[in-house]
Amino acid sequence: MTKLYGIDVSSNQSARVVRDAQNDFAIVKMSGNPQSYAWNYVNEFAAQQAADAMKKHGLLGLYHFTWGKQAEVEAEFFIKQVEKLGYLGKAMLVIDYEAQALERGQTWVGKFAKRVHELASYKPVIYASGSVIVSQNLFSLGYPIWCANYPIGYDAISGYNPQGALYPGCEKAIMWQYTSQGYINGYDAPLDCNVFYGNAAKFRSYMGKSSTPAPDPAPKPDAKTIKRGQVAADIHKRMVQDERLGYSWEERWGAKSEKWTVDGVSFEMPVGDYDCSSSTIQAWRKALTGTKYAHALDDATYTGNMRSVFVGSGLFEWKPISYIAHPGDLYLNEANHVAMCQQQVPDELSEFSWGDVGAYGNKRGDQSGYESRVNPYYEYPWDGILHYNGKADTEVKPTPEPTPTPKPTTYRRFRVIVDALNVREKPSTSSKITNVFTRGKTIRADKVVAKNGYKWASWVNKYGNRRYAAIRTVGGTEKYMVKI
């Protein structure tokens, strides 16, 4: 399942926290408070935090902390503040149901959600702790649920790294707040961290109709951006999982070539033995096939010169080991070892590690199943991370199919031959009469239909409405118009 990782923030954080901290989405406090504070409080940083979310990724939520007043009054105040900020229909709306408001119970929060739904014309999300969700049966209200539960309490968590599992009974929640003590790259204080179960399009489906980007005037046919970091990760993963590729310092660049296609990128792949550095270099060289950077890494040969060549190519940046690596990024110890990031959370890496009898004299191929493999991330004296910056990503635009030339509309002209002929909304004598044509009137019809015992001429009038007038009975015994 695709997942997004993000934060929820308020004036307890800085005004630029959304910009500074790494996140796929942000949910910003709009208004409200627990009962020891003013119920009609408005977050003074909301405008900046929301604007940063829209600029950064366009995935925004706004929440109201429930005080426990009359449900409809709080709901109307919340929506009024969202409207003032300009995000009604453009942001997920969240009811933060906690503190003293919990005493009002399920019926109260249901009324709150119903009023928000009425005013906004799309469903809000209800946030609550797992125990409250279950004990008050909040799922029965029919609104999306955001569950809060901290399996490891208030211990610090580095990066987006959920520990444990959702609260039992909350498996249908769309989102999980798993800690209030998350330390995220770019921000030096703990944050509420969340995982959303779905992709960006799914998140936008909770943001109202206005959040859906308008289509281009001339839509492009299924253009696809090739993410070269992901391609490199997938190539390296295929390499370590192919038993024909083992570990060696003798062969180390493979042997007999064959054609591989990975994520739409085709290339010749030498199949044989590799070591830690040659395998990652080879994966990246092949990932850049078809780009102007295809030979940018040709001078890289071992761990000792990878940093200078990769950074010198303009495609990579040197990051401290505290940085959260992306697929295709390289964990590098310049003297001894390199491995490739496969995924962020949970962090996995792929590597060629050691031959069946060491570095030399190995049989070709993975003899043990451990010469190359995918592992969970492990502590090692890494010097840093070679982070790919996305410059080589390319958009593949398939050739659009030719637009068929529409057939020209064929018109037929008729003249009325009776003193009065009714014009109707539908081809039926019981349909509403909209006009009456007199003898000699001519019409230009774009279709003729036989229905309800008559043949009808049909056309679209100057107001864009389709109209019908009888030509004759189906048997031809009575005629009202003739073709001219």
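Further up the page is the structure itself.
Here is a short report on the structure shown in this document. (Residues numbered from 1 in each chain as written. Predicted model: local features only at pLDDT ≥ 70, side-chain atom pairs only at ≥ 80, totals over all residues. Heavy atoms only, no water.)

Examining the sheet that holds strand β27 (residues 481-483)
In a beta sheet, neighbouring strands are held together by backbone hydrogen bonds and run either parallel or antiparallel to one another. Where we set the bar: When DSSP finds at least two bridges between two strands, those strands are taken to pair. Secondary structure elements are defined from DSSP: runs of H or I of at least 4 residues count as helices, runs of E of at least 2 residues count as strands, and each element is numbered from the N terminus. Axis geometry follows a simple rule: fit a line to the C-alpha atoms, using only the stretch in contact for helices, then measure angles between N-to-C directions, giving values from 0 to 180 degrees.
Pairing within the open sheet is antiparallel, and its three strands lie in the order β23-β20-β27. Strands at the two margins of the open sheet, each flanked by one partner only, are β23 (442-445) and β27. Here the strands of the sheet are splayed against their neighbours by 30° on average, with no regard to which way each runs. With four bridges connecting them, strand β20 (residues 412-416) and β23 associate as antiparallel partners. Bridging from a neighbouring strand, arginine 415 pairs with threonine 442 of β23.

A closer look at the pattern of salt bridges
Selection rule: Definition used for salt bridges: Asp or Glu carboxyl oxygen within 4 Å of a side-chain nitrogen of Lys or Arg. Burial classes follow relative accessibility: with a 1.4 Å probe on protein chains only, a residue under 20% of its type's maximum area counts as buried, one over 50% as exposed, and anything between as partly exposed.
Inspection of every chain in the model, using the stated rule, returns 13 salt bridges. Between aspartate 52 and arginine 16 there is a salt bridge whose closest N-O contact spans 2.8 Å. With aspartate 52 in helix α2 (residues 46-56) and arginine 16 in the loop between β1 (3-9) and α1 (17-20), the pair connects residues that are 36 residues apart, well separated along the chain. In this structure aspartate 52 comes out as buried when scored by relative accessible area, which is 7%. Exposure remark for arginine 16: the relative accessible area of 29% places this residue in the partly exposed category. As a salt-bridge pair, arginine 373 and glutamate 351 come within 4.0 Å of each other at their nearest N and O atoms. Highlighted residues: arginine 373 in strand β17 (residues 372-376) and glutamate 351 in strand β16 (residues 348-352), separated in sequence by 22 residues. When its relative accessible area of 2% is taken as the criterion, glutamate 351 is described as buried. Within the structure, one salt-bridge network assembled from shared partners comprises Glu76, Arg115 and Glu118.

Let's talk about the packing of helix α3 (residues 71-85) against helix α4 (residues 105-120)
What counts here: Note that the term roughly parallel is reserved for angles under 35 degrees, roughly antiparallel for angles over 145, roughly perpendicular for angles of 65 to 115, and oblique for everything else. When the near helix sits turned anticlockwise from the far one by under a right angle, the crossing is termed left-handed; a clockwise turn instead gives a right-handed crossing. Contacts are residue-level and defined by heavy atoms, with any inter-residue pair within 4.5 Å sufficient.
Running from N to C, α3 and α4 cross one another at 40°; their axes reach a closest spacing of 8 Å. Of the possible angle classes, the one that applies to α3 and α4 is oblique. As α3 runs across α4, the sense of the crossing is right-handed. Note on element contacts: α4 touches α3 through Trp108, Lys111, Phe112, Arg115, Val116, Leu119 and Ala120, opposite Ala71, Glu72, Glu74, Ala75, Glu76, Phe78 and Ile79.

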